[in-house]
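Structure at a glance
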Amino acid sequence: MRVLIFDENISGHHLEYLHHYYQGAIERVDDEFIFCLEDGFLKHKDKYSWPKAENVSFVFMDDSEMSKIRNLKGWKQRCRISKLIALKAKEFSANRVILTHLIYLLPFLMFFMPKGIMVRGIVYRIYLHTRSKVSKFRYAADVFLYWLMAHCRIMEKVFILNDQKSADKLNKIYHTNKFVFLADPVPNVDKEVLINLRSQYGIPVENKVFFHFGGLTYRKGTIEILKAINMSKKEDLDRLTFVFAGRIYDDMKDDFYELLKIAQTKVQILVFDTFCTYEFLYNMCFSIDVILMPYRQTEMSSGVLGYASVFEKPVIGPKDGLIGSLISDYRMGCAMENVDAVSIKNTFGLEVTCDSNDYMYKNDVGCFINTILS
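Here the structure is a predicted model, which means the values were calculated and not measured. (Residues numbered from 1 in each chain as written. Predicted model: local features only at pLDDT ≥ 70, side-chain atom pairs only at ≥ 80, totals over all residues. Heavy atoms only, no water.)

Across its full length, the protein chain carries 15 helices and 13 strands. Computed over its C-alpha atoms, the radius of gyration of the protein chain comes to 22 Å, within 12% of the 21 Å expected for a compact globule of 374 residues. Here the C-alpha coordinates of the protein chain stretch approximately 65 × 45 × 40 Å along the principal axes. Residues counted as buried form 54% of the 374 residues belonging to the protein chain. Long-range pairs, those at least 24 residues apart, make up 70% of the contacts in the protein chain between residues at least 6 apart in sequence. Of the roughly 17500 Å² of accessible surface on the protein chain, 51% is carried by carbon and sulfur atoms. (Helix = DSSP H or I, 4+ residues; strand = E, 2+ residues; numbered from the N terminus. Rg over C-alpha atoms; globule rule 2.2 N^0.38 Å. Buried < 20%, exposed > 50% of the residue type's maximum accessible area, 1.4 Å probe, protein only. Contact = heavy atoms within 4.5 Å. Areas by Shrake-Rupley, 256 points an atom, 1.4 Å probe, with all protein chains shown as cover.)

Structure representation (structure tokens):
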């Protein structure tokens, strides 16, 4: 079996998933794996170990080609990437193609992929959770794309991230077995080397620390957290600290820093507006008390839940959608009925607990790798 693993994006969880694929690939010596990636991978690969293996090779896409793709928008970009995947699959005589973000490329990929090459990939946004939130047109389009995935000849497996119930329901709806539950892999952390960062950043020992991290956007409720702080009385924020870590998206920067000026007059706030290393995130999760994830987009899983489970930290998040179900099912913290500034404000004084770390065991990296590559 010759497997092409293609990814034009190495940001966010993509690099992490690529490393998981690699871990699985080097153990499957009877198969050949070609990783076709953008050359930005070379700048960030040292975040993980990539031991050499005879059955694995790396190919990097032409920078001029990638520049053209990045300059395109919407369907034109998706179409160009789909065509490039098909060309690479044919060039390397691949039997199988694995994609980290599948639905983004549909339906264009189906038009270009050569006959006899099977495709498998990951789907994050589960439309079954969105009916009351999106337009009828958007919902119908999602239904159509899932129908295509279920019935298209090139589609081998469609991995539904961290949602067993939806995988089962989709198979029933579309009379297929292509939809497969995929564990959302939790980080593998050596807890013996963790460092408490409180003293390094001047956080009082007695303070309760709330942590909000990842790519910071409107849809993740970042602005609502600051609004919640600003509408709180200063005395109610006594002995609290808030930490924001991750790149603040450009479209939100002005709003974020304007609200931050007011918030910092009331309570200690630390902001790390940058791509954070895994080491930093591990140490910070070890050092804090509560993880804030008041996400508005709830129909997909979040890697933040994995961090919460590994470090046994409670989360404050939405009650709605897949994320709400995961928080409740695994007893991971507080699930809010409404995700707004008032609701977030009302959680600051709560004693939130994490009553189980079962989530960590169900979402083991080994389960993720075996499902993807088997």
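Quick look at the pattern of salt bridges now. Scanning all chains against the criterion turns up 14 salt bridges. Between Arg-96 and Glu-156 there is a salt bridge; the shortest N-O distance is 3.0 Å. One end of the pair, Arg-96, is in strand S4 (residues 96-99); the other, Glu-156, is in strand S6 (residues 155-161), and 60 residues separate them in sequence. With a relative accessible area of 11%, Arg-96 lands in the buried category. Taking the shortest distance from any N to any O, the salt bridge between Asp-142 and Arg-138 comes out at 3.6 Å. On the criterion of helical spacing, the pair formed by Asp-142 and Arg-138 is a turn pair, its members being four residues apart in helix H6 (residues 136-151). In the salt-bridge network here, residues are joined through shared partners; they are Arg-125, Arg-138, Asp-142 and Glu-299. (Salt bridge = Lys/Arg side-chain N within 4 Å of Asp/Glu carboxyl O.)

This part takes up helix H7 (residues 164-174). Listing the buried residues of H7 in full gives Ser-166, Ala-167, Leu-170, Asn-171 and Tyr-174. One face of H7 carries all of its buried residues, which in axial projection span an arc of 135°. Exposed positions of H7 whose direction lies more than 90 degrees from the buried face are Lys-165 and Lys-172. In this structure, the buried side of H7 is in contact with H6, S6 and strand S7 (179-182). (Arc of directions from axis to C-beta.)

Next up on the list: the environment of Leu-145. Considering the arrangement of structural elements, one finds Leu-145 in helix H6. Along the primary structure Leu-145 and Pro-107 are separated by 38 residues, whereas in three dimensions their C-alpha atoms are 7.1 Å apart. Once residues within four sequence positions are removed from consideration, Leu-145 is found in contact with Ile-103, Leu-106 and Pro-107.

A separate point is the environment of Phe-6. With respect to the element layout, Phe-6 can be found in strand S1 (residues 2-7). Accessibility expressed as a relative area gives 2% for Phe-6, which makes it buried. Separated by 83 residues in sequence, Phe-6 and Ala-89 place their C-alpha atoms 9.1 Å apart. When residues no more than four places from it in sequence are discounted, the contact partners of Phe-6 are Cys-36, Met-61, Ile-81, Leu-84, Ile-85, Lys-88, Ile-98, Leu-99 and Thr-100.

A word on the sheet that holds strand S2 (residues 32-37). Overall, parallel pairing links the seven strands, which are arranged S3-S2-S1-S4-S5-S6-S7 in an open sheet. Of all the strands in the sheet, just strand S3 (56-60) and S7 have a single pairing partner and so form its edges. Across this sheet, the average inter-strand angle for adjacent strands is 20°, counted without regard to direction. Packing against the sheet, helix H1 (residues 13-25) makes contact with S1, S2, S3, S4, strand S5 (118-123) and S6, and its axis sits at approximately 165° to S2. Along the sheet, helix H4 (residues 74-91) makes contact with S1, S2 and S4, crossing S1 at roughly 155°. (Pairing = 2+ DSSP bridges. Axes fitted to C-alpha atoms, helices over the stretch in contact; angles between N-to-C directions.)

For the pair helix H3 (residues 63-71) and H4, interaxial distance at closest approach is 8 Å and the crossing angle is 150°. Looking at the two axes, H3 sits roughly antiparallel to H4. Remark: the crossing between H3 and H4 carries left-handed chirality. Contacts from Glu-65, Met-66, Lys-68, Ile-69 and Arg-70 of H3 reach H4 at Gln-77, Arg-80, Ile-81 and Leu-84. Residue composition of the contact of H3 with H4, by class: four nonpolar, one polar and four charged. (Parallel < 35°, antiparallel > 145°, perpendicular 65-115°, else oblique. Left-handed = near helix turned anticlockwise from the far one by under 90°. Nonpolar A, V, L, I, M, F, W, Y, C, P; charged D, E, K, R; others polar.)

Here we take up the pairing of strand S8 (residues 208-213). Across the six residues of S8, six count as buried, placing the element largely inside the fold. Residues Lys-208, Phe-210 and His-212 line one face of S8 and the alternating positions Val-209, Phe-211 and Phe-213 line the opposite face, and both faces are buried. Bridge analysis of S8 against strand S9 (residues 240-245) gives six bridges, and the strand direction is parallel. Looking at the pairing, Val-209 lines up with Thr-241 of S9. Following the chain from S8 across helix H8 (residues 222-230) to the adjacent parallel S9, one finds a crossover that is right-handed. Where S8 and strand S11 (residues 290-292) come together, two bridges link them in parallel fashion. (Right-handed = clockwise from strand over helix to strand, strands pointing away.)

So, on to the state of the cysteines. Throughout the structure, instances matching the rule amount to zero disulfides. Residue Cys-152 stays outside any disulfide, its sulfur separated by 15 Å from that of Cys-79, the closest cysteine. The exposure class assigned to Cys-152 is buried, which follows from its relative accessible area of 13%. Here Cys-354 stays unpaired: no disulfide links it, and the sulfur of Cys-285, its closest cysteine neighbor, is 12 Å away. Note on Cys-354: relative accessible area 22%, which makes it partly exposed. (Disulfide = S-S within 2.5 Å.)

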